[in-house]
Structure formats: C-alpha cells, structure tokens
Amino acid sequence: MTESAVPDEAPDVEPDMTVDNRGRGCASGIARVQRALADLPDGAVLVVQSTDRRAKQEYPKLAEQTAHELLAIERERGRFLRTEYATYLEIHGE
C-alpha cells in the first residue's frame, strides 16, 4: 500500500487498545506495538499514537509484512507545533 493510498480519516470503530508512542521513534516503539499485537484477539482494533514522521512509511510496511490490516493513519498538529499520528490497525491472526 502506497502512502497516498492509506486512508487519512479514523474508521468509525472503537479501538480495543491504544499504544502511546508519542516522543519515541518508530524503531524503539515497535516492540511495544508487537506486544500489543500479540495480546489482542482477531478482529480487535489497535491505535498507535506517535510523533515520528516515519509512521506514514513504517506502519504500512508492518501491515504488508503481517496479516494485520491498516485501516487509516490520521495526521494532526499537536501541541508545540509537532505533528501527531494515529495509526489504526485491525488485528488478524497470522
């Protein structure tokens, strides 16, 4: 999935879990995401909050390399003029 093909509006679903990786790089936060993915049942929705601009590249790659479905990546201006991302993943068994 190309970056431009990723929906940029949150799906109309209630997330089952949120991982707050704001202030961390994608690489250091990915271990927290992988633990959350392992703990969630099939069909659950995980939201990953981050401030790392690589979220728009890294989370689509994660979805492509796994059975999980990338639902959307929202982008908004947060405090202190930093950009925040909310990535929505639907969990599917591998």
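Residues numbered from 1 in each chain as written. Predicted model: local features only at pLDDT ≥ 70, side-chain atom pairs only at ≥ 80, totals over all residues. Heavy atoms only, no water.

Caption draft 1: Inspection of the environment of valine 33 at higher detail. With respect to the element layout, valine 33 can be found in helix α1 (residues 26-39). With 12 residues separating them along the chain, valine 33 and asparagine 21 place their C-alpha atoms 8.7 Å apart. Among all residues touching valine 33, those that are not within four sequence positions of it are Val19, Asn21, Leu46, Val48, Tyr59 and Leu62. (Helix = DSSP H or I, 4+ residues; strand = E, 2+ residues; numbered from the N terminus. Contact = heavy atoms within 4.5 Å.)

Caption draft 2: Here's a closer look at the pattern of salt bridges. According to the stated counting rule, one finds 5 salt bridges in the structure shown. Here arginine 22 ties to aspartate 20 by a salt bridge, and the two come within 2.7 Å at their closest N and O atoms. Note on arginine 22: relative accessible area 33%, which makes it partly exposed. We classify aspartate 20 as partly exposed; its relative accessible area is 31%. Note that arginine 22 is salt-bridged to glutamate 84, the shortest N-O span being 3.6 Å. Of this pair, arginine 22 sits in the loop between β1 (17-21) and α1 while glutamate 84 sits in strand β4 (residues 83-90), placing them 62 residues apart in sequence. (Salt bridge = Lys/Arg side-chain N within 4 Å of Asp/Glu carboxyl O. Buried < 20%, exposed > 50% of the residue type's maximum accessible area, 1.4 Å probe, protein only.)

The analysis is restricted to geometry; functional conclusions fall outside its scope.
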